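Now for the letters of each chain:
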Amino acid sequence: MKGLVLAGGSGTRLRPFTYSQPKHLLPVGGKAIIDYGIEALAAAGIRELGVVVGMETDGPLRQHLADGSRYGVDIDYVFQPQPRGLAHAVLCAEEYLAGEPFFLFLGDNLLQDPLGEMVREFIRTERGSVIALKEVPNPSDYGVAQLDEQGRVVRLVEKPAHPPSALAVVGAYAFGPEIMDACKRVRPSNRGELEITDAIQSLIDDGRPVLPHRLRGWWKDTGKAEHLLEANECVLDELRGMAEGETVDCQLSGAVHVAPGARLEKCVVHGPVVVAKGAHAQGSHLGPYVSLGPEAQVVDSRVLHSILMDGAQASQVGALTHSILGRRSRAVGKGSTRTVSLLLGDDGHVQFE
Ligand code: G1P
């Protein structure tokens, strides 16, 4: 079974961060979002992956994922010229998939459950598809599934105003080759996209079994900045173990990962916290739920529930909470005791007293 990872979208709801890099490469818990999906597919035994890229994501994703060898997979790239929907992305991959069954994974989704069980369920169903579902408080933001008394999927609707259930369609699907013809039959939706939800509905209309796979663990679709921070917390909650890098005069509690080549000095750190290589914190209070990217710097500040990307700096900030600092951005507090929440794009600079 091949894997198809969709990473063509431009992530407009994640501006300003996606002005300068694809959302799939934004870091949560010290790794790019897409790394979690690729690793989950590899762990489920899916080693041949097609990654669908678009105009904006093509170069950066190829550079990051390369040929896939560092994940133990073979990656080929499929180009989607315009972001015209998930079913359109599948159609772009027709030649790559060559009539084989495949696991479709949305590259901006993060889920706690391993994917192996879904793959096994798919192999057991004949001529069927398996879709992952998760109960959510806001089903109108997603595709929504309606099940019958036997628990089979009988209807799917994309972002319905009046959802028939609280079961959202998660970005993980196992399909046989028949989905290709179903995608060809789909017409543009109200938002002008070819929806995979409508393609699956057409399989149901043809009498093909579509089996639900209810997730037990958490699921995050990282569409907006607040989702990135939530995903960061979910991922960090699974962190175990203690510092490996250099810590001098620090008090550490909880899970704290300090990469070799990073340095913490005179800091109080409440895990979970990850500190990437080359990052440096001094005289600061870190955590909980902080990810410091490579070469990030924190000086005389308190930072909690936040992501600092590569080379970001926070200096003399009273308290920085629920914040995302883009690459090389700087937040300078001049000794302020205020608590601030910032979303600062790459190379942004904010100064306050
Ligand atoms: C897409 C799908 C939707 C699904 C969601 C999961 O929505 O169309 O059915 O619930 O992914 O992440 P989009 O992210 O394109 O709004």
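The coordinates are above.
These lines cover the structure that appears in this document, whether it is placed above or below. (Residues numbered from 1 in each chain as written. Predicted model: local features only at pLDDT ≥ 70, side-chain atom pairs only at ≥ 80, totals over all residues. Heavy atoms only, no water.)

Thoughts on the layout of surface pockets
In this structure, the largest pocket occupies an estimated 860 Å³ of space. In terms of lining residues, the largest pocket is bounded by 39 residues, among which R13, K23, L86, D108 and R191 are the most central. Listing elements by their share of the lining of the largest pocket, those giving two or more residues are strand 1 (2-7), helix 4 (86-92), strand 11 (167-175), helix 8 (196-205) and strand 13 (219-221). Here the lining of the largest pocket takes 4 residues from strand 11, the largest share from any one element. Looking at the second largest pocket, its volume works out to about 650 Å³. Lining of the second largest pocket is provided by 29 residues; of these, G29, G30, K31, A276 and P294 occupy positions nearest its centre. Of all elements in the fold, only strand 3 (31-32), helix 2 (33-43), helix 9 (225-236), strand 16 (256-258), strand 19 (273-275), strand 22 (290-292) and strand 25 (306-308) reach the threshold of two or more residues within the lining of the second largest pocket. Per-class residue counts for the lining of the second largest pocket are 16 nonpolar, 7 polar and 6 charged. (1 Å grid on protein atoms, 1.4 Å probe; cavity = no way out; pocket = protein on both sides within 12 Å on 5 of 7 lines; lining within 4 Å. Points joined across faces, edges and corners; volume = space filled by probe spheres on them. Helix = DSSP H or I, 4+ residues; strand = E, 2+ residues; numbered from the N terminus. Nonpolar A, V, L, I, M, F, W, Y, C, P; charged D, E, K, R; others polar.)

Quick look at the nonpolar core
Of all hydrophobic cores here, the largest spans 36 residues; its most connected members are I38, V51, L65 and F103. With residues up to four places along the chain from it excluded, the contact list for V51 reads V5, A7, I38, L65, I75, D76, Y77 and V78. The next biggest cluster of nonpolar side chains, apart from the first, holds 34 residues, and it includes L6, I131, V186 and L203. (Core = buried A, V, L, I, M, F, W, Y, C linked by side-chain atoms within 4.5 Å. Buried < 20%, exposed > 50% of the residue type's maximum accessible area, 1.4 Å probe, protein only. Contact = heavy atoms within 4.5 Å.)

As for the site of the ligand
Around the ligand, 13 residues are found, and the nearest of them are G143, E158, K159, V169 and D221. At 2.5 Å, a backbone N or O of V169 approaches an oxygen atom of the ligand. More than half of the atoms belonging to the ligand lie within 2 Å of the grid points that define the largest pocket. The residue inventory of the shell around the ligand, partitioned by class, reads 5 nonpolar, 3 polar and 5 charged. (Near = heavy atom within 4 Å. Polar contact = N/O pair within 3.5 Å; in protein donor to acceptor, adjacent residues only side chain to side chain. Sits in = over half its atoms within 2 Å of the grid points.)

Here we look at the side chain of D346
For D346, the position within the fold is in the loop between strand 31 (343-344) and strand 32 (349-351). One polar contact links D346 to S20, side chain to side chain, over a distance of 2.8 Å. Excluding its chain neighbours within four sequence positions, the residues that come into contact with D346 are S20, Q21, M309, G326, R327 and R328.

With respect to the sheet that holds strand 27 (residues 319-321)
With parallel pairing, 6 strands are arranged side by side in an open sheet as 15-18-21-24-27-30. Sheet topology places strand 15 (251-253) and strand 30 (339-340) at the edges, where each strand pairs with a single neighbour. With 2 bridges joining them, strand 18 (residues 268-270) and strand 21 (residues 285-286) adopt parallel strand pairing. Within strand 21, the residue paired with V268 across the bridge is H285. (Pairing = 2+ DSSP bridges.)

Topic: the pattern of salt bridges
According to the stated counting rule, one finds 20 salt bridges in the structure shown. The closest approach of N and O atoms between K31 and E39, which form a salt bridge, is 2.7 Å. Take K31: its relative accessible area is 29%, and that puts it in the partly exposed class. A salt bridge links E94 to K184, with the shortest nitrogen-to-oxygen separation between them at 2.9 Å. Note that E94 is positioned in helix 5 (residues 94-97) and K184 in helix 7 (residues 179-185), a separation of 90 residues in sequence. Within this structure, E158, K159, R191, E193 and E195 form a network of salt bridges that share partners. (Salt bridge = Lys/Arg side-chain N within 4 Å of Asp/Glu carboxyl O.)

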